[in-house]
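Listed below are the residues making up each chain.
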Amino acid sequence: MKATYDYCCGIDTIELISPTYLDYSPPFFSHDNKRRIVGNSPETYAYRFNPSYTYYTNNYSLSNCIKAIYYATEEVELQEPIINRIDFCFDDRENDYRDLYKLNHLLFYLIAKKLNISNDYSSCGIVSPVQKTLRIQNGKLEAEFYNKLLEEPKGKIKCRLELRIKRVKCAINNIAALSETLTQWLDILTSVANLKNKDLDILLGELNDEIIKHYFEDVKRGDYCKKDYKSMIQRYHKYIFTRRQLSQLLKRIGYKSYDSVASKYKNSHRGLEFFKIHEIRAYVNHIIHAANQFLNS
C-alpha cells in the first residue's frame, strides 16, 4: 500500500423535504436548493442543506450537525421538515487521491458484488490523465471516492470518501434514526471486511473472467498480438488486486510456473499495488472508527 489513511467523518450535505416553498436562497442551501417532488400531495419541495454553512460550522460533529439542522429549519420557517437523504463524508488531508484510489476501487468492487450493484462509474481527465472519481450506486445507496483537491485546489482536503443513503424519511428530531442511517453503511462494510480468503479468491476470479474476455476482444481488434500477456496486464492492472489473482490469471492463460511468473512481474513493476485481506479489514476498521467518533461527538 502506498499510503496510510487519516479520515475525519462528518456530514457533507443533507436533503430536506418540506411542503414549504422558499422564494429565496439562504446561504446554507445550495444553488439547486428548490426541487419539487413530483407525485406528492400536497406539493413537497426538496432543499439541499450544508450544515457547515451555518453558525455551527463543525460538520465533523453529529451534535453540531443536529444544531445546524434546527437552526436552518427555524431560520427559514421550514414546516414539517423531513430528512430524505444524507451524504456522509470521510475526509483525508494527508494522502493524495491516487494513493488511496486502488484500495477504494477494491472496496467498491466488493461492496458492489455483495449488494449486486451494476451501476458503477470511474473517470479521468480528458486533457490530463488525472484520476477524478469512483462511484457505485443503486436506488438506496451510493458510495463515491473523489479527488477533492482537484475540485477545490485551495482547500485542505485532498481526497474524500462519501457514503450516501437515500429515501431516509427521518424526522429531524429522531436522532437515533439519523445515527442508524450511517450504521447501515457500517454493517455493509463490516460484512465485506469479514470475507474469507477463499471468498475473496472467488470474487477476484470473476474479475479475471472479465479481464480474459476483454483480452480476447483486444486481440480480435488487433490492439496487440495473442499471447502478449504483458500488454494485457498493463492495460488491466487496475483490476488486479492481489498477487494470487495475478497468479491465477497467468495460470488460466497457460503459464506453467504461474506463481513464479507473478512474483517476477510484481518485483519488476513496483507501481503495481497488491492487497491482502487484513489490509482491507484494517481500512474498513479505520472508516468505522472515524464514523463512531463522529456519532459520539
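Residues numbered from 1 in each chain as written. Predicted model: local features only at pLDDT ≥ 70, side-chain atom pairs only at ≥ 80, totals over all residues. Heavy atoms only, no water.

Participant: I'd like a rundown of the side chain of Thr 73, residues and numbers included.
Facilitator: Turning to its location among the elements, Thr 73 is positioned in helix H1 (residues 62-75). In this view, Thr 73 contacts Leu 16, Leu 78, Pro 81 and Ile 172; residues no more than four positions away in its chain are not counted. (Helix = DSSP H or I, 4+ residues; strand = E, 2+ residues; numbered from the N terminus. Contact = heavy atoms within 4.5 Å.)

Participant: Residue-level account of helix H8 (residues 258-268), with values.
Facilitator: What H8 keeps buried is the set Ala 262, Tyr 265 and Lys 266. Along the long axis of H8, the arc covered by the buried residues comes to 95 degrees, so they all point the same way. In H8, the exposed positions that point more than 90 degrees away from the buried face belong to Lys 264, Asn 267 and Ser 268. Packed against the buried residues of H8 are helix H6 (229-236) and helix H7 (243-252). (Buried < 20%, exposed > 50% of the residue type's maximum accessible area, 1.4 Å probe, protein only. Arc of directions from axis to C-beta.)

Participant: Explain H1 residue by residue, including any values.
Facilitator: The first and last C-alpha atoms of H1 sit 20 Å apart over 14 residues, in line with the 20 Å expected at 1.5 Å per residue. The set of residues buried in H1 consists of Leu 62, Asn 64, Cys 65, Ile 66, Ala 68, Ile 69, Tyr 71, Ala 72 and Thr 73. The secondary structure elements touched by the buried residues of H1 are strand E1 (7-18), strand E3 (44-49), strand E4 (82-92), helix H4 (175-193) and helix H9 (277-295). In the stretch just after H1, Glu 77 is the one whose phi turns positive, near 55 degrees. (Expected span 1.5 Å × (residues − 1).)

Participant: Lay out the pattern of salt bridges in plain terms, naming residues and giving numbers.
Facilitator: Evaluated as defined, the whole model comprises 20 salt bridges. Between Glu 152 and Lys 148 there is a salt bridge; the shortest N-O distance is 3.2 Å. Note on Lys 148: relative accessible area 6%, which makes it buried. In this structure, the salt-bridge partner of Arg 164 is Glu 162, at a minimum N-O distance of 2.8 Å. (Salt bridge = Lys/Arg side-chain N within 4 Å of Asp/Glu carboxyl O.)

Participant: Describe the pairing of strand E6 (residues 131-137), and please don't skip the residues or the numbers.
Facilitator: Burial runs high along E6: 5 of the 7 residues are buried. Looking at chain direction, strand E5 (residues 119-124) and E6 are connected through 6 bridges and run antiparallel. Residue pairing for E6: Ser 123 is matched across the bridge by Thr 133. With antiparallel pairing between neighbouring strands as the criterion, E5 and E6 make up a hairpin whose turn holds 6 residues. Relative to strand E7 (residues 141-146), E6 runs antiparallel, the two sharing 5 bridges. Considered in E7, the bridge of Thr 133 is made with Tyr 146. Linking E6 back to E7 in an antiparallel pair, the connection comprises 3 residues. (Pairing = 2+ DSSP bridges.)

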